[in-house]
Amino acid sequence: MIESLHSPHVARVKALIGSKGARERREQGLFVAEGVQCAREALTSESGPQLKILYATENGLSKISELDLDSVEIVEVTDAVLRAMSDTVSPQGLISLCYKPEAKFADLKATGSSTFIYLHEIQDPGNAGTILRTADAMGISAVITSPDSVDMYSPKVVRATAGSLWNIPVFEGVTFDRVDKQFTGIQKFLLSSHASTSILDISIPGDCIAIFGNEARGVDASALGVSVTEVTIPMAGRAESLNLSAAASIVMFTLSSKVAG
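The rules behind the values
Residues numbered from 1 in each chain as written. Predicted model: local features only at pLDDT ≥ 70, side-chain atom pairs only at ≥ 80, totals over all residues. Heavy atoms only, no water. 1 Å grid on protein atoms, 1.4 Å probe; cavity = no way out; pocket = protein on both sides within 12 Å on 5 of 7 lines; lining within 4 Å. Points joined across faces, edges and corners; volume = space filled by probe spheres on them. Helix = DSSP H or I, 4+ residues; strand = E, 2+ residues; numbered from the N terminus. Nonpolar A, V, L, I, M, F, W, Y, C, P; charged D, E, K, R; others polar. Salt bridge = Lys/Arg side-chain N within 4 Å of Asp/Glu carboxyl O. Buried < 20%, exposed > 50% of the residue type's maximum accessible area, 1.4 Å probe, protein only. Pairing = 2+ DSSP bridges. Axes fitted to C-alpha atoms, helices over the stretch in contact; angles between N-to-C directions. Phe/Tyr/Trp six-rings, centres within 6.5 Å; stacked < 30°, edge-to-face > 60°. Parallel < 35°, antiparallel > 145°, perpendicular 65-115°, else oblique. Contact = heavy atoms within 4.5 Å. Patch = residues over 30% accessible without salt bridge, like charges linked within 9 Å, V, L, I, M, F, W, Y side chains within 5 Å. Areas by Shrake-Rupley, 256 points an atom, 1.4 Å probe, with all protein chains shown as cover. Arc of directions from axis to C-beta.

## Some remarks on the layout of surface pockets
Argument step 1. As a volume, the largest pocket reaches approximately 620 Å³.
Argument step 2. What lines the largest pocket is a set of 25 residues, and nearest its centre among them are Leu191, Ser192, Ser193, Ser241 and Leu242.
Argument step 3. Those elements that provide at least two residues to the lining of the largest pocket are strand 8 (187-191), strand 11 (229-232) and helix 9 (244-260).
Argument step 4. A class-by-class count of the residues in the lining of the largest pocket yields 11 nonpolar, nine polar and five charged.
Argument step 5. The calculated volume of the second largest pocket comes to roughly 270 Å³.
Argument step 6. What lines the second largest pocket is a set of 14 residues, among which Pro101, Glu102, Ala103, Val170 and Glu172 lie closest to the centre.
Argument step 7. The residue inventory of the lining of the second largest pocket, partitioned by class, reads eight nonpolar, one polar and five charged.

## Description of the pattern of salt bridges
Argument step 1. As enumerated under the stated definition, the model contains seven salt bridges in all.
Argument step 2. Residues Asp151 and Arg25 are paired through a salt bridge, measuring 2.8 Å at the closest nitrogen-oxygen approach. Placement of the pair is Asp151 in the loop between strand 6 (142-145) and helix 7 (155-161) and Arg25 in helix 2 (residues 21-28), with a sequence separation of 126 residues.
Argument step 3. Classification of Asp151 as buried rests on a relative accessible area of 16%.

## Considering the sheet that holds strand 4 (residues 94-99)
Argument step 1. Taken in spatial order, the four strands of this open sheet run 1-4-2-3, and their pairing is mixed. In this open sheet, the two strands that pair with only one neighbour each are strand 1 (30-34) and strand 3 (74-76). Mean inter-strand twist for the sheet, computed between neighbouring axes without regard to direction, equals 20 degrees.
Argument step 2. Note: strand 2 (residues 51-56) against strand 4, five bridges, orientation antiparallel. Residue Ala56 lies in a different strand from strand 4, and its bridge partner there is Leu94.

## Considering the sheet that holds strand 7 (residues 170-171)
Argument step 1. The strand order 7-6-5-10-8-11-9 describes an open sheet built from seven strands, whose pairing is parallel. In this open sheet, the two strands that pair with only one neighbour each are strand 7 and strand 9 (197-198).

## Quick look at the packing of aromatic side chains
Argument step 1. Here the structure, examined in full by the defined rule, presents six aromatic pairs.
Argument step 2. Ring geometry for Phe31 against Trp166: centres 6.0 Å apart, planes inclined by 45 degrees, an arrangement best described as tilted. Residue Phe31 is located in strand 1, and its partner Trp166 is located in the loop between helix 7 and strand 7; the two are separated by 135 residues in the primary sequence. Of the two residues examined, Phe31 and Trp166, each falls in the buried class.

## Notes on the packing of helix 1 (residues 8-17) against helix 2
Argument step 1. As a packed pair, helix 1 and helix 2 sit with axes 6 Å apart at the nearest point and diverge in direction by 115 degrees. The angle between the axes of helix 1 and helix 2 places the two elements in the roughly perpendicular class. Residues Arg12, Ala15, Leu16 and Ile17 of helix 1 lie in contact with helix 2, whose contacting residues are Gly21, Glu24, Arg25 and Gln28.
Argument step 2. Here the residues of the contact of helix 1 with helix 2 sort into three nonpolar, two polar and three charged.

## Re a nonpolar patch on the surface
Argument step 1. The grouping of Met235, Leu242 and Ile250 at the surface amounts to a nonpolar patch, some 230 Å² of accessible area in total.
Argument step 2. Tracing the sequence through the fold places Leu242 in the loop between strand 11 and helix 9.

## Here we look at helix 2
Argument step 1. Looking only at helix 2, the buried set comprises Gly21, Glu24 and Arg25. For helix 2, the angular spread of the buried residues around the axis is 100 degrees, confining them to a single face. In helix 2, the exposed positions angled more than 90 degrees off the buried face are occupied by Arg26 and Glu27.
Argument step 2. Here the buried face of helix 2 lies against helix 1, strand 1 and helix 7.
Argument step 3. One or two residues past the end of helix 2 sits Gly29, with phi positive at roughly 70 degrees.

Structure follows, in C-alpha cells:
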C-alpha cells in the first residue's frame, strides 16, 4: 500500500499527465487512463493498449471485483495518493498505466468496405475523444490524425473516449499525402460548410475516408493536395453550424448506413 505522496509512482503518473505530458508519453511509450470503464477495457481487451500497472484504492478494486486480476500488477494506494495522481475532480479509485500501441500505419489495410476517419489538425480533446467514441460505435475501421493534431493519449482525450480507445485502431501524426498514397483510388470525403453536395446524396461502392478539419479553420480542400469530394450536412433548422464532434457523428452514422446497405 502506497501512502506517501512523494512516492516515485506518484511522480511518474503526474509526469505523464502534466504540462510536459506529451513528451513524457512519447519518450516512455506510456499513457494514463482514469476510471472504471478504462480499467475494464484495459483488463479485458486483447487488441487495444495493454495494461502495465493498475493503481487502485480499496474502493476502486471493489468496482471491478468480478474481473480476473491474478495476472495484473496492482499497486494499492490510499485515497489521498490516488487524488494526487488524478487529473479529475472526482477520481473513481482506478488509474491504469498503459503501453501506447505500436501499430504501424503502413500495416493498415482496406478490406473493400472499410471506412477511415482522418482528423486534420483537430485541437479540442473533447472533440477528438467524442469522435473516436462515435467511430467505435459506428463500426469505423480506424481513426487517423494529422501532424499538429491533439495528442490522442492525453488524459482528456482518453476520458472522452469512455473506453473506446481499446476498440478501434488509432494512427497519429500521418500526413494526408501519405494517406492518399497508401489508399490510392479510395473515395475521400471532406466535410465542408461550403459544399453543395449533401452527405445524403453520395454513394459508397467500396472503401472511403472521411476528413474533418480544424474546429476554427476547417481545412481547404486544395491544401490536401489530392482530389476529394466536399460534402455538407443539410440542416432544416435555423442553427448556423454544428459542433465538430456533432457534425462528425452525423457523417459517420450516414457513412456507416451507406456502407452497410
